Structures are given as structure tokens and as C-alpha cells.
Amino acid sequence: MRIVFQGAATPQQVGKAVQEILNNTLEKLETKGKRQPIQNAIIEFTLNLQGHEEPQLIVVDEGTKMLTIHTGIENGELTEYVPVDRTELLEKFDRMVEEGKKEEEKEDDVIDAEFTEVE
């Protein structure tokens with residue numbers, strides 16, 4: 001799930017908005033999230049800074065890369081960041097896609113069976 005905000009807000013306002021969007025989404029999906037429903041969130045933003053007319057993107061390496069802070073989070077508290085094995089993530093993603101394709105094929109088989117002519 002991706003949320004793209006347009007405009008300015010405080011961190012507290014962003015948190016409140018994320019909570020509202022999450023609740024509305026889960027309600028529309030007719031499901032409930034676990035106690036801590038958000039997993040591996042990525043937040044990207046520019047900052048409104050004094051002395052600048054336009055919002056600023058904080059960069060490093062002489063302006064060639066956006067500042068990225070990696071951190072873990074557990075029960076709302078910051079923890080040590082443990083680098084992710086990208087190969088494992090890609091394999092998991094591929095399995096999810098394959099399972100989705102299989103489910104789609106099953107649904108297609110049911111639809112085809114409903115419209116099969118019998119002589």
C-alpha cells in the first residue's frame with residue numbers, strides 16, 4: 001500500500017492521516033488489521049526550512065543522493081536496523097505473484113465451467 005500526500009503537515013498530523021486512511025482502507029476491504037498493522041513503512045518528504053521559499057530535499061554526497069535514514073521500529077520505539085536480504089524479498093514477492101496467478105486461473109476455470117455448453 002502506498003500513500004502519497006500533497007501539502008504540508010506536522011509529524012503528528014501525518015500520523016493521524018495515516019491512521020484515518022488505514023482505517024478507511026481496512027473497512028472497505030471488510031477486514032481488520034493486527035495490533036500493529038503497518039509493516040516496513042517508507043516515508044519520503046521535503047522540509048519547509050527557514051530561509052527558503054520552496055520546500056527542501058535533504059541530500060548527501062554533494063547533492064547526488066537523498067538523505068536516507070535506516071532504522072528499526074518495534075512497539076513504536078526505534079531499534080537497530082538489520083539490513084534486508086533482497087534476494088529473499090524478491091523470492092517472496094515472486095511466490096506471492098505465482099500464488100495470485102494460480103488463484104486467478106482457478107477463478108477463470110470456474111467461470112469457464114459455468115458457461116460450458118452441454119449437448
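This report concerns the structure included in the present document.

Calculation criteria
Residues numbered from 1 in each chain as written. Predicted model: local features only at pLDDT ≥ 70, side-chain atom pairs only at ≥ 80, totals over all residues. Heavy atoms only, no water. Helix = DSSP H or I, 4+ residues; strand = E, 2+ residues; numbered from the N terminus. Buried < 20%, exposed > 50% of the residue type's maximum accessible area, 1.4 Å probe, protein only. Contact = heavy atoms within 4.5 Å. Salt bridge = Lys/Arg side-chain N within 4 Å of Asp/Glu carboxyl O. Patch = residues over 30% accessible without salt bridge, like charges linked within 9 Å, V, L, I, M, F, W, Y side chains within 5 Å. Areas by Shrake-Rupley, 256 points an atom, 1.4 Å probe, with all protein chains shown as cover. Lys, Arg positive; Asp, Glu negative; His and termini not counted. Charge placed at Lys NZ, Arg CZ, Asp CG, Glu CD. Expected span 1.5 Å × (residues − 1).

### Some remarks on the overall build of the protein chain
Secondary structure assignment for the protein chain yields two helices and four strands. Reading the secondary structure of the protein chain in the N-to-C direction produces α-β-β-β-β-α. Counting only residues that meet the buried cut, the protein chain has 3% of its 119 residues in that class. Taking all contacts inside the protein chain whose residues are at least 6 apart in sequence as the whole, residues at least 24 apart take part in 9%.

### Some points on the pattern of salt bridges
Per the counting criterion, the structure on display carries two salt bridges. Residue Lys65 is joined to Asp61 by a salt bridge in which the shortest nitrogen-to-oxygen separation is 3.9 Å. Residue Asp61 is classed as partly exposed on the basis of its relative accessible area of 47%. Across the pair Glu98 and Lys101 runs a salt bridge whose closest N-O atoms are separated by 3.9 Å. Of the two residues, Glu98 and Lys101 both sit in helix α2 (residues 86-114), three residues apart, roughly one turn of that helix. Taking the relative accessible area as the measure of exposure, Glu98 reaches 40% and is therefore partly exposed.

### Considering a negative patch on the surface
On the surface, a cluster of negative charge is made up of Asp85, Glu88, Glu91 and Asp94. Within the element layout of this structure, Asp94 appears in helix α2. Of the residues examined, Asp94 reaches a relative accessible area of 46% and is grouped as partly exposed.

### So, helix α1 (residues 11-28)
For α1, spanning 18 residues, the distance from its first C-alpha to its last is 26 Å, which sits close to the expected 26 Å at 1.5 Å a residue. Phi turns positive one or two residues past the end of α1, at Glu30, with a value near 55°.

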